[in-house]
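Each chain, written out:
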Amino acid sequence: MLVLWQTVIWTTGVARFILPPPALVAQTIWESRALLAEHAVITMAEVLIGLVLGAALGFVSAIGMVASPTARALVRPILVFSQSVPVFALAPILTLWLGFGLWSKITMALIIIYFPVTSSFFDALMRTNRDWIGLAKVMGASPARIMWHIRVPAALPGFASGLRLAAVYAPIGAIIGEWVGASKGLGYLMLLANGRAKTDLMFAALIVLAILTILLHATVNKLCEKTLDRPE
Amino acid sequence: MNQPLRISGSAAIDGVPIFSDLDLTLKPQSWTCLLGASGVGKSTVLRLFAGLAEGVRFDGDLSDPGRVAMMAQQDLLMPWLSVLDNVLLGARLRGARPDHDFARDRLAQVGLADHADKQPSALSGGQRQRVALARTLMEDCAVVLLDEPFSALDALTRAQMQELTAELLHLRTVLLVTHDHNEAARLGETILIMTPTGLVEIAAPTSPIPRDIHAADVLRAQANLFDRLRRPT
Ligand SMILES: Nc1ncnc2c1ncn2[C@@H]1O[C@H](COP(=O)(O)OP(=O)(O)OP(=O)(O)O)[C@@H](O)[C@H]1O
Ligand SMILES: [Mg+2]
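**Points about the site of ligand 1**
All names here are of chain B.
Here comes step 1: Around ligand 1, the surrounding shell holds 13 residues, and the nearest of these are Ser 38, Lys 42, Ser 43, Thr 44 and His 179.
Here comes step 2: In this structure, an oxygen atom belonging to ligand 1 sits 3.4 Å away from a side-chain N or O atom of Glu 148.
Here comes step 3: The side chain of His 179 places a nitrogen or oxygen atom 2.7 Å from an oxygen atom of ligand 1.
Here comes step 4: Coverage of ligand 1 by the protein chains reaches 57% of its 640 Å² of free accessible surface.

Following this line, the structure appears as C-alpha cells:
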C-alpha cells in the first residue's frame, strides 16, 4: 500500500498538494497529533454512542418483529427505508433538526447500522432450530420464555455478525454527518484542511480515521468472539 | 398417571392422510414399544401426545397426558448452556426455581457427576445423550415419550443406555418408538407394530425389563418381530 502510494508519486510526479508523499503525511500526523486527537475523540464518541444505541435499537426491533406480526409490519418499511434512502440526503435534515452537535452524527451512524444489526439478528432469530422450540413447549414454556431462553441465545452469533458490519458502517455515518455540518470531528477537519489546501492534513485525518475504524472493528470482533459467538 | 393413555382416530398433514383408524392405548406405568416402517406415522403419534402436532389434522379421541417429558434421536442440548444448566432448562423455562442439588443427583444417576460444569461440545455423543436422559429425568413426568433415543449411538453405548433408561424410568408410562428389534424385545412390556392398516401386537417376553440382550425370550421375540416386519400382513 505504502509502496504503491510512493511509486505513484515517483512515476507520475504528481504535485504534493494533490497527493502528498507518505513521509510527509506521517510527519503531519506526528506534528498535528494534538489537533488530530481532539477531533478523533469527537468522531469516536459519535461512532461509539451510535453503535451502542443502534445495537440496542436493532436488538429490540428484531425481537419485536419476531414476537409480533404487527411489529413486523410496522418495522419492515422503516428498516428498508433506513437502508435505501441515501444518507447524504438525510444528513442536512438531521443537522437542521438536531443541530451541529453530536446528536445529528450519532443519529446518522445509528440509521446506517440499524439495518445490518436488525436484519441479521432477525434472520438468526427466525432460524431457531424447530426441535429446540418443540422441546421448550413440551417443557411448558411460555412464548416469552422461549424467546428469552432459547431463541435469543441461539441467535446471538447472528447478532454478532450484524455488530461486526455495524462497526465498519458506523464511522461512515458519523463522517458524512460531520461533512454536512459540524464544528468538530475528523470529517470536519478533512473539509477544513481541504478548504485551506492542506492536503497533507487531510490525508493525515483520513489515515487516523482508517486506523480507528480498523481498531474499532478488531475490538468489536474480539468482544463478539468472547461473548456472543459459539464454538460448534 | 394411572389412566391408560389412548389415541384413536385419523391424522392428515396438508390433506394427505398419515394414518387412519389407529387405536393405540398405553398401559400406565409400563413400557410400550412402537415399531413400523419409516413414514408410517410413529413420530406423528408421539407429537400428538406431546401437543406438538402443529399442521397435523387429527380426527378422533386423544387423552390428555398432562405434562410429558420427551427425548429424541437428537440430544437437543443447548450449546450455550453448561451440562448442569441444560439439565435445569425445564425449570428455567417454566419460571420455577432451579433445584441444583436435584439436577446434580440426576447427573450422578447417569454417571456424569464430574461433567456438570462442562459445555455440551466437550462431550461425546453417548455422554450428550446421557445428559438428555438426565434432563428428561429432571422433568419428573409420569409420561415419557422416546423417539428413537438410542439410534445414533454405537452398539455398546446403546445397550448401556437402554439398561440405564429402563432402570431410571421404571414405573413410568413410556412410549418408545424404535426401529431396533432387539431394543423392542429387551424393553417392551407391550410391543406394537404400526402399519397403514392398524396396529399389530407382538407377544412380548414376560420377564422384567431391562432384559438381558441374549436371553432366550428376548431372542425369540426379536426373531418373531423381524419376521412380522418383513412380511407385512
Ligand atoms: N411437516 C410435514 N409436512 C408434510 N408431511 C409430513 C410432515 N411431517 C411428516 N410428514 C409425513 O408424515 C408421515 C409420517 O411421518 P412420521 O415422522 O410420523 O413417520 P415415522 O413413522 O416416525 O418415520 P421414521 O421411522 O422414518 O421416523 C410421513 O409420510 C411424512 O412424509
Ligand atoms: Mg420418526
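**Let's talk about unusual backbone geometry**
Residue and element names in this part refer to chain B.
Here comes step 1: A cis amide bond links Ile 209 to the next residue, Pro 210, at an omega of -5°.
Here comes step 2: Along the polypeptide, Pro 210 turns up in the loop between strand S9 (198–202) and helix H8 (216–230).
Here comes step 3: One non-glycine residue with positive phi stands out, namely Asp 21, at about 50°.
Here comes step 4: If you trace the backbone, Asp 21 turns up in strand S2 (residues 16–26).
Here comes step 5: According to the relative accessible area criterion, Asp 21 is exposed, its value standing at 64%.
Here comes step 6: Backbone geometry places Glu 148, a non-glycine residue, at a positive phi of 45°.

**Notes on helix H10 (residues 199–227) of chain A**
Helical periodicity: at 3.6 residues per turn, an α-helix aligns residues three or four positions apart in one direction.
Residue and element names in this part refer to chain A.
Here comes step 1: Between the first and last C-alpha of H10 there are 42 Å, a value that for 29 residues agrees with the 42 Å anticipated at 1.5 Å per step.
Here comes step 2: By the burial criterion, the buried members of H10 are Thr 199, Leu 201, Phe 203, Ala 204, Ala 205, Val 208, Leu 209, Leu 212, Thr 213, Leu 216, Val 220 and Cys 224.
Here comes step 3: Its buried side turned inward, H10 meets helix H1 (2–12), helix H2 (22–31), helix H3 (33–67), helix H8 (143–180) and helix H9 (186–195).

**Quick notes on the domain arrangement of chain B**
One widely used convention gives an interface's size as the accessible area the parts lose upon coming together.
Residue and element names in this part refer to chain B.
Here comes step 1: Domain assignment breaks chain B into domain 1 (5–67 + 141–230) and domain 2 (80–140).
Here comes step 2: Listed per partner, the contact involves 13 residues of domain 1 and 12 residues of domain 2.
Here comes step 3: Where domain 1 abuts domain 2, roughly 1000 Å² becomes buried across the two surfaces, and 69% of that area is made up of carbon and sulfur atoms.
Here comes step 4: When the area that domain 1 buries against domain 2 is broken down by residue, the three leading residues are Arg 67, Met 161 and Leu 168, summing to 42%.
Here comes step 5: In this structure, Arg 67 engages Glu 139 in a salt bridge whose closest nitrogen and oxygen atoms are separated by 2.8 Å.
Here comes step 6: Remark: the boundary between domain 1 and domain 2 carries four residue pairs in polar contact (both at pLDDT 80 or more).
Here comes step 7: Among the elements that line the side of domain 1 that touches domain 2, the one with the most residues is helix H6 (residues 155–168), at five residues.
Here comes step 8: Residue composition of the side of domain 1 that touches domain 2, grouped by class: nine nonpolar, two polar and two charged.

**Comments concerning the interface of chain A and chain B**
Here comes step 1: With 19 residues of chain A at the interface, the matching set in chain B holds 20 residues.
Here comes step 2: Note on chain A versus chain B: buried area summed over both sides is about 1800 Å², and carbon and sulfur give 73% of it.
Here comes step 3: Interface area lost by chain A to chain B is led by A:Leu135, A:Val138 and A:Met139, which between them contribute 38%.
Here comes step 4: The salt bridge involving A:Lys137 is made with B:Glu54; its shortest N-O contact spans 2.6 Å.
Here comes step 5: Taken together, chain A and chain B are joined by two residue pairs in polar contact (both at pLDDT 80 or more).
Here comes step 6: Mapped by element, the contributors of at least two residues to the side of chain A that touches chain B are helix H7 (130–138) and H8 of chain A.
Here comes step 7: With seven residues, the top contributor of residues to the side of chain A that touches chain B is H7(A).
Here comes step 8: Grouping the amino acids of the side of chain A that touches chain B by side-chain chemistry returns nine nonpolar, five polar and five charged.

**Points about the packing of H2(A) against H10(A)**
Geometrically, a packed helix pair is captured by the angle between its two axes and the distance between the axes.
Residue and element names in this part refer to chain A.
Here comes step 1: Here H2 crosses H10 at 75°, and the two axes come no closer than 8 Å. Judged by the inter-axis angle, H2 sits roughly perpendicular to H10. Together, Leu 24, Val 25, Thr 28 and Ile 29 of H2 and Asp 200, Leu 201, Phe 203, Ala 204 and Ile 207 of H10 make up the contact between the two elements.
Here comes step 2: Counted by class, the contact of H2 with H10 contains seven nonpolar, one polar and one charged residues.

**Notes on the sheet that holds strand S1 (residues 5–13) of chain B**
Residues and elements named next belong to chain B.
Here comes step 1: Across the sheet, which stays open at both edges, the three strands sit in the order S2-S1-S4 with antiparallel pairing between neighbours. What marks the edges here is a single partner per strand, and that holds for S2 and strand S4 (56–62). Across the sheet, the mean angle from the axis of one strand to that of its neighbour is 15°, orientation sign disregarded.
Here comes step 2: Two strands pair when backbone bridges link them, and S1 and S4 are joined in this way by seven bridges, in the antiparallel orientation. Bridge pairing in S4 places Gly 9 opposite Gly 60.
Here comes step 3: Where helix H1 (residues 42–50) meets the sheet, its contacts fall on S1, S2 and S4, and the angle it forms with S2 comes to roughly 65°.

**Concerning the sheet that holds S9(B)**
Residues and elements named next belong to chain B.
Here comes step 1: If you walk across this open sheet you meet the six strands as S5-S6-S7-S3-S8-S9, and the pairing is mixed. Two strands bound the open sheet, and with one partner strand each, they are strand S5 (68–72) and S9. Neighbour to neighbour, the strand axes of the sheet diverge by 20° on average, direction disregarded.
Here comes step 2: Bridging between strand S3 (residues 31–36) and strand S7 (residues 173–177) involves four bridges; their strand directions are parallel. Pairing of Trp 31 across the sheet is with Val 174, part of S7.
Here comes step 3: Sheet strands in contact with H1 are S3, S5, strand S6 (143–147), S7 and strand S8 (190–195), and its direction is about 150° off that of S6.

The rules behind the values
- Residues numbered from 1 in each chain as written.
- Chains lettered and ligands numbered in written order.
- Predicted model: local features only at pLDDT ≥ 70, side-chain atom pairs only at ≥ 80, totals over all residues.
- Heavy atoms only, no water.
- Near = heavy atom within 4 Å.
- Polar contact = N/O pair within 3.5 Å; in protein donor to acceptor, adjacent residues only side chain to side chain.
- Areas by Shrake-Rupley, 256 points an atom, 1.4 Å probe, with all protein chains shown as cover.
- Helix = DSSP H or I, 4+ residues; strand = E, 2+ residues; numbered from the N terminus.
- Buried < 20%, exposed > 50% of the residue type's maximum accessible area, 1.4 Å probe, protein only.
- Expected span 1.5 Å × (residues − 1).
- Contact = heavy atoms within 4.5 Å.
- Domains from an automatic or database assignment.
- Buried area = accessible area lost by both parts, 1.4 Å probe.
- Salt bridge = Lys/Arg side-chain N within 4 Å of Asp/Glu carboxyl O.
- Nonpolar A, V, L, I, M, F, W, Y, C, P; charged D, E, K, R; others polar.
- Axes fitted to C-alpha atoms, helices over the stretch in contact; angles between N-to-C directions.
- Parallel < 35°, antiparallel > 145°, perpendicular 65-115°, else oblique.
- Pairing = 2+ DSSP bridges.

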